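Structural features, examined
So you can see what is in the structure, the chains are spelled out below.
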Amino acid sequence: MSAPTRAVPELRGFLHGLPGVDRVGAEARAAMLASRSIKTTAKQWALDAAISMIDLTTLEGQDTPGKVRALCAKAKRPDPADPTAPMVAAVCVYPDLAHVAAAELKGSGVHVASVATAFPSGRASLEVKLADVKYAVAAGADEVDMVIDRGAFLAGHYQEVFDEITVVKQACDGAHLKVILETGELVTLDNVRRASWLAMLAGADFIKTSTGKVSPAATLPVTLVMLEAVRDFRETRGRQVGVKPAGGIRTAKDALRYLVLVNETAGEDWLDPRWFRLGASSLLNDLLMQRTKLATGRYSGPDYFTLD
């Protein structure tokens, strides 16, 4: 795994020197790509690809070990009637339930992701945040989803945000780090671009749109800007970083729009669970329904698949 890229000289100057985002142009391009249709011959692949990219998520105060075990069973065998349906990429839970997911998923190839750093607000001391990360990793998480300090970022304290990501990356002790930008709170697409670069420079393995607890969550224009950032980062820095839109992605149609966006913006290299994820809970059921329709010509009722 690559070591974190050290801070560039004059971090503020670098981030504010990035090209500005044409908001109207980004929204128009995202809308144009969203209108693309996928031919039937490619749709089967796209549906399976989307399933394999899901971080199947439960992040509620009422989560129980039983709910997590059921979610893990579904992650490993999404459609009990069809063993050809692919497994999802990961199950994402709170740190105190990571040990349950790790036990259930051991040897399956499905990753254990855990949110950390005082998710979703990020309002805690650095000591508490690092303890949160270390607890999750010790419990079996091999992926950590951290939240940035949006207050520090919006105040222009970029070095503070950079340093926090760097020490969290070290605390991950080899686990992959997904850095949640909480784009719904960043106000502008220029800020989304700056936050994306800041996270990548600090060592993020993935950049993620949202916690799913703030509206708006993932949007196509925001994800477009993030995909442009990872593409340009690889070109200039030589390291590939993943992207994870999360929150509000509920239908197969939504998921396929994101796959088109990935292909047309970052390129085919990112059409892989190692580099693109979809954070979701209810999305999987709709993908399975569409998959069954494609195979049989009939829709299964939504209650055919387990509720999340």
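Moving on, we get to the overall build of the protein chain. A count of helical and extended segments in the protein chain gives 12 helices and 8 strands. In summary, the protein chain has a C-alpha radius of gyration of 19 Å against a globular reference of 19 Å for 308 residues, a match within 12%. Classification of the 308 residues of the protein chain by burial places 56% in the buried group. The contacts in the protein chain between residues at least 6 apart in sequence include a share of 76% that link residues at least 24 apart. Accessible area of the protein chain: about 13,000 Å², with a carbon and sulfur share of 52%. Treating the 36 positive side-chain charges of the protein chain as one cloud and the 36 negative ones as another, the clouds have centres 3 Å apart.

Take the pairing of strand 3 (residues 111-115) next. Across the 5 residues of strand 3, 4 count as buried, placing the element largely inside the fold. The pairing of strand 2 (residues 90-93) with strand 3 spans 4 bridges and is parallel. Among the inter-strand pairings, Val93 is bridged to a residue of strand 3, identified as Ser114. Each parallel crossover has a hand, and the one from strand 2 via helix 5 (residues 98-105) to strand 3 is right-handed.

Here we take up the packing of helix 2 (residues 23-34) against helix 10 (residues 220-237). The contact between helix 2 and helix 10 brings their axes to 8 Å, and the two run at 100 degrees. Here helix 10 runs roughly perpendicular to helix 2, going by the angle between their axes. Residues Ala26, Glu27, Arg29, Ala30 and Ala34 of helix 2 pack against Leu220, Pro221 and Leu224 of helix 10. Residue composition of the contact of helix 2 with helix 10, by class: 6 nonpolar, no polar and 2 charged.

Following both chains from N to C, one finds helix 9 (residues 189-201) and helix 10 inclined at 40 degrees, their axes separated by 9 Å at the closest point. Between helix 9 and helix 10, the angle falls in the class oblique. The crossing of helix 9 and helix 10 is right-handed. Residues Leu189, Val192, Arg193, Ser196, Trp197, Met200 and Leu201 of helix 9 pack against Pro221, Val222, Val225, Met226, Glu228, Ala229, Val230, Asp232, Phe233, Thr236 and Arg237 of helix 10. A class-by-class count of the residues in the contact of helix 9 with helix 10 yields 12 nonpolar, 2 polar and 4 charged.

This part covers the pattern of salt bridges. For the structure on display, the rule yields 24 salt bridges. The shortest N-O distance in the salt bridge between Glu185 and Arg150 comes to 2.8 Å. Placement of the pair is Glu185 in the loop between strand 5 (176-180) and helix 9 and Arg150 in helix 7 (residues 150-154), with a sequence separation of 35 residues. The class of Glu185 is partly exposed, set by a relative accessible area of 30%. Taking the relative accessible area as the measure of exposure, Arg150 reaches 6% and is therefore buried. What emerges from the salt-bridge pattern is a single network uniting Asp55, Glu143, Asp145, Lys178, Lys208, Lys244 and Arg277.

Now for the state of the cysteines. In the structure shown here, the tally under the stated rule is 0 disulfides. In this structure Cys92 is a free cysteine whose sulfur lies 11 Å from that of Cys72, the closest cysteine sulfur available. The exposure class of Cys92 is buried, given its relative accessible area of 1%.

Here the focus is the side chain of Asn285. Within the secondary structure, Asn285 sits in helix 12 (residues 283-296). Asn285 sits in the buried class, given a relative accessible area of 11%. Here Lys74 takes part through its side chain, which lies 2.4 Å from a polar atom of the side chain of Asn285.

Procedures and definitions
Residues numbered from 1 in each chain as written. Predicted model: local features only at pLDDT ≥ 70, side-chain atom pairs only at ≥ 80, totals over all residues. Heavy atoms only, no water. Helix = DSSP H or I, 4+ residues; strand = E, 2+ residues; numbered from the N terminus. Rg over C-alpha atoms; globule rule 2.2 N^0.38 Å. Buried < 20%, exposed > 50% of the residue type's maximum accessible area, 1.4 Å probe, protein only. Contact = heavy atoms within 4.5 Å. Areas by Shrake-Rupley, 256 points an atom, 1.4 Å probe, with all protein chains shown as cover. Lys, Arg positive; Asp, Glu negative; His and termini not counted. Charge placed at Lys NZ, Arg CZ, Asp CG, Glu CD. Pairing = 2+ DSSP bridges. Right-handed = clockwise from strand over helix to strand, strands pointing away. Axes fitted to C-alpha atoms, helices over the stretch in contact; angles between N-to-C directions. Parallel < 35°, antiparallel > 145°, perpendicular 65-115°, else oblique. Nonpolar A, V, L, I, M, F, W, Y, C, P; charged D, E, K, R; others polar. Left-handed = near helix turned anticlockwise from the far one by under 90°. Salt bridge = Lys/Arg side-chain N within 4 Å of Asp/Glu carboxyl O. Disulfide = S-S within 2.5 Å. Polar contact = N/O pair within 3.5 Å; in protein donor to acceptor, adjacent residues only side chain to side chain.

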